[in-house]
Amino acid sequence: MKPFLRQQLERYPTRLQELDFFLSQADVVSNMERFRALTREHAEVSEVAGRFARFVQRESDLAHAREMLDDPEMAEMAQEEIAAAQTDIALLEDELQRLLLPRDPDDDRNAFLEIRAGTGGDESALFAGDLLRMYVKYAERQGWRTEIVSESPAELGGYKEIVLRVVGDKVYGRLRFESGGHRVQRVPATETQGRIHTSACTVAVLPEPDEAVAVQINPADLRIDTYRASGAGGQHINKTDSAVRITHLPTGIVAECQDDRSQHRNKAKALQVLAARIHEKERSERAAKEAATRKGLVGSGDRSDRIRTYNFPQGRLTDHRINLTLYKLQFIMMGDLDEVIEALLLARKAEQLEELEIGAHA
């Protein structure tokens, strides 16, 4: 284990004693907000301290087993114990590293996935439809649920813009690095000369905020318009002004929802999307300030960043942030995204460990 990690971990038993003391004080128990915050920290610190105690114990077991190697009668048993201890130590070190990394509280949230056609006209809109299908199929593999919040279909198929709500376990944490520019290289169906065209879409993944956060938006800052929903939905949907568009006047951010027959439910969903977009604007502004001092490998999520290329003639997907190239594009477009997402999460973990080490030496 790296010395800087051990130094960090050695602080945890002391902090646990401090928290035990605070939680026994009457003034803390009577202050519910402080009591809850300390209880939450106690659970997190207790988990790390417990794992670290087990790690130290297994290190001691390993040293003891190595001493036993000199005894011929104990050598075989010592070898078995050495192998078991080394396996446990490696697993515990990996767990402890993960527990030390800063967690984004949004990682456990549901998410809004926005796909917008960019350069490339009709071909870009068709690619937006392909990306939508890829993410929906990936969500199915994860056991997540998806629902369309708003859509703007293109004339020849696909979408000019579509917003999807994805509901499930750790959705944002797994999809967060999908934000950015997605470029496609292929021969469009309309191309008679067989030439490869390049077009692009942008994807944005936003954590769904707490309903309480959505409610905190000042109603005086909102302009709410209703209109008739377009697209599928039968005769009823076109006869009533059930679709809702909400504009946040201070920022100019707009959100709309048209997928429900109920204007009230559409308004509630549009408010959630609006809150997510406002939250994301604040988050990206913070990230931009941080990026000015440190350029993150996978973490910026800026829509203007070209993050990935889908080359259909070669069956190749390339993620430019981590130099990952996979020749299984057909399977990826059918939702087999695990290898890409795991590689991005691993790269982010390595980046965070490096930040921890720099912080420890600062």
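Residues numbered from 1 in each chain as written. Predicted model: local features only at pLDDT ≥ 70, side-chain atom pairs only at ≥ 80, totals over all residues. Heavy atoms only, no water.

## Remarks on the overall build of the chain
The helix and strand inventory of the chain stands at 12 helices and 11 strands. Looking at the 362 residues of the chain, the share that counts as buried comes to 40%. Taking as baseline every contact in the chain between residues at least 6 positions apart, the subset at least 24 positions apart corresponds to 63%. Surface accessibility of the chain: about 19,900 Å² in total, with carbon and sulfur atoms responsible for 51%. (Helix = DSSP H or I, 4+ residues; strand = E, 2+ residues; numbered from the N terminus. Buried < 20%, exposed > 50% of the residue type's maximum accessible area, 1.4 Å probe, protein only. Contact = heavy atoms within 4.5 Å. Areas by Shrake-Rupley, 256 points an atom, 1.4 Å probe, with all protein chains shown as cover.)

## Observations regarding the sheet that holds strand 10 (residues 316–319)
One open sheet accounts for eight strands, arranged 2-3-1-5-4-9-10-11; its pairing is mixed. Strands at the two margins of the open sheet, each flanked by one partner only, are strand 2 (145–153) and strand 11 (324–326). The mean angle between the axes of side-by-side strands here comes to 15 degrees, regardless of whether they run parallel or antiparallel. As defined by bridge partners, strand 1 (residues 111–117) adjoins strand 5 (residues 197–207) across seven bridges and the pair is classed as antiparallel. Bridge assignment links Ile115 to a residue of strand 5, and that residue is Val203. Together, strand 1, strand 2, strand 3 (159–167), strand 4 (180–186), strand 5 and strand 9 (306–311) form the strand contacts of helix 6 (residues 121–142), whose direction differs from that of strand 4 by roughly 110 degrees. (Pairing = 2+ DSSP bridges. Axes fitted to C-alpha atoms, helices over the stretch in contact; angles between N-to-C directions.)

## Focus: the pattern of salt bridges
Inspection of every chain in the model, using the stated rule, returns 33 salt bridges. Glu95 is paired through a salt bridge with Arg51; the nearest N and O atoms lie 2.3 Å apart. Remark: Arg51 occurs in helix 4 (residues 32–68) and Glu95 occurs in helix 5 (residues 75–100); sequence separation between them is 44 residues. On the basis of relative accessible area, Arg51 is assigned to the partly exposed category, the value being 28%. The closest approach of N and O atoms between Lys349 and Asp94, which form a salt bridge, is 3.2 Å. Taken together, the positions of Lys349 in helix 12 (residues 338–361) and Asp94 in helix 5 put the pair 255 residues apart, joining distant regions of the chain. (Salt bridge = Lys/Arg side-chain N within 4 Å of Asp/Glu carboxyl O.)

## Brief notes about the side chain of Glu208
For Glu208, the position within the fold is in the loop between strand 5 and helix 8 (211–215). Assessed through its relative accessible area of 9%, Glu208 is described here as buried. There is a polar contact of 2.5 Å between the side chain of Glu208 and the side chain of Arg165. Filtering out sequence-adjacent residues up to four positions away, Glu208 remains in contact with Arg109, Asn110, Ala111, Phe112, Arg165 and Gln272. (Polar contact = N/O pair within 3.5 Å; in protein donor to acceptor, adjacent residues only side chain to side chain.)

## Here we look at the packing of helix 1 (residues 3–10) against helix 2 (residues 12–23)
As a packed pair, helix 1 and helix 2 sit with axes 5 Å apart at the nearest point and diverge in direction by 20 degrees. The angle between the axes of helix 1 and helix 2 places the two elements in the roughly parallel class. Two secondary-structure elements touch here, helix 1 through Gln8, Leu9 and Glu10 and helix 2 through Tyr12, Pro13 and Thr14. Classifying every residue of the contact of helix 1 with helix 2 gives three nonpolar, two polar and one charged. (Parallel < 35°, antiparallel > 145°, perpendicular 65-115°, else oblique. Nonpolar A, V, L, I, M, F, W, Y, C, P; charged D, E, K, R; others polar.)

## Description of the nonpolar core
Counting residues in each nonpolar core, the largest one holds 37 residues, and the members touching the most others are Ile115, Leu131 and Tyr310. Going through the elements one at a time, strand 1, helix 6, strand 3, helix 7 (171–175), strand 5, strand 11, helix 11 (329–332) and helix 12 are the ones with two or more residues in this core. It is helix 6 that provides the largest number of residues to this core, a total of eight residues. Among residues more than four places away in sequence, those in contact with Tyr310 are Phe127, Leu131, Met134, His182, Arg183, Val184, Gln185, Arg316, Leu317, Leu329 and Met333. (Core = buried A, V, L, I, M, F, W, Y, C linked by side-chain atoms within 4.5 Å.)

## Topic: helix 1
For helix 1, every residue scored as buried is listed here: Phe4, Leu5, Gln8 and Leu9. Considered in projection along helix 1, the buried side chains sweep an arc of 135 degrees and stay on one side of the axis. (Arc of directions from axis to C-beta.)

## Structural notes on the pairing of strand 7 (residues 243–248)
Burial within strand 7 is extensive, with five of its six residues counted as buried. In this sheet, strand 7 lies alongside strand 6 (residues 222–227) in antiparallel orientation, the contact comprising six bridges. For Thr226, the partnering residue across the bridge sits in strand 7 and is Val244. The pairing of strand 7 with strand 8 (residues 253–257) spans five bridges and is classified as antiparallel. Within the sheet, the bridge partner assigned to Arg245 lies in strand 8 and is Glu256. From the end of strand 7 to the start of strand 8, which pair antiparallel, there are four residues, and Gly252 there has a positive phi angle of about 75 degrees.

## Regarding the sheet that holds strand 7
Sheet strands associate in pairs through backbone hydrogen bonding, adopting either a parallel or an antiparallel arrangement. On the basis of which strands lie adjacent, the open sheet formed by three strands has the order 6-7-8 and antiparallel pairing. In this open sheet, the two edge strands, each paired with only one partner strand, are strand 6 and strand 8. Looking at each pair of strands side by side, their axes are set apart by 15 degrees on average, direction ignored.

## A word on helix 5
Across its 26 residues, helix 5 extends 37 Å between first and last C-alpha, which sits within 8% of the 38 Å expected from 1.5 Å per residue. Those residues of helix 5 not exposed but buried are Ala78, Ile82, Ala85, Ile89, Leu92, Leu96, Gln97 and Leu100. (Expected span 1.5 Å × (residues − 1).)

## Notes on the packing of aromatic side chains
According to the stated counting rule, one finds four aromatic pairs in the structure shown. Judged by centre distance (6.3 Å) and plane angle (15 degrees), the rings of Phe52 and Phe55 are stacked. Of this pair, Phe52 and Phe55 both sit in helix 4, three residues apart, roughly one helical turn. Accessibility classification places Phe52 together with Phe55 in one group, the buried group. Centroid distance Phe127 to Tyr310: 5.3 Å. Interplanar angle 70 degrees. Geometry classified as edge-to-face. Of this pair, Phe127 sits in helix 6 while Tyr310 is found in strand 9, placing the two residues 183 residues apart along the sequence. Neither residue differs from the other here; Phe127 and Tyr310 are each classed as buried. Looking at Arg34, its charged tip hangs above the ring of Phe22, at a distance of 5.7 Å from the centre. (Phe/Tyr/Trp six-rings, centres within 6.5 Å; stacked < 30°, edge-to-face > 60°. Lys NZ or Arg CZ within 6 Å of the ring centre and 35° of its normal.)

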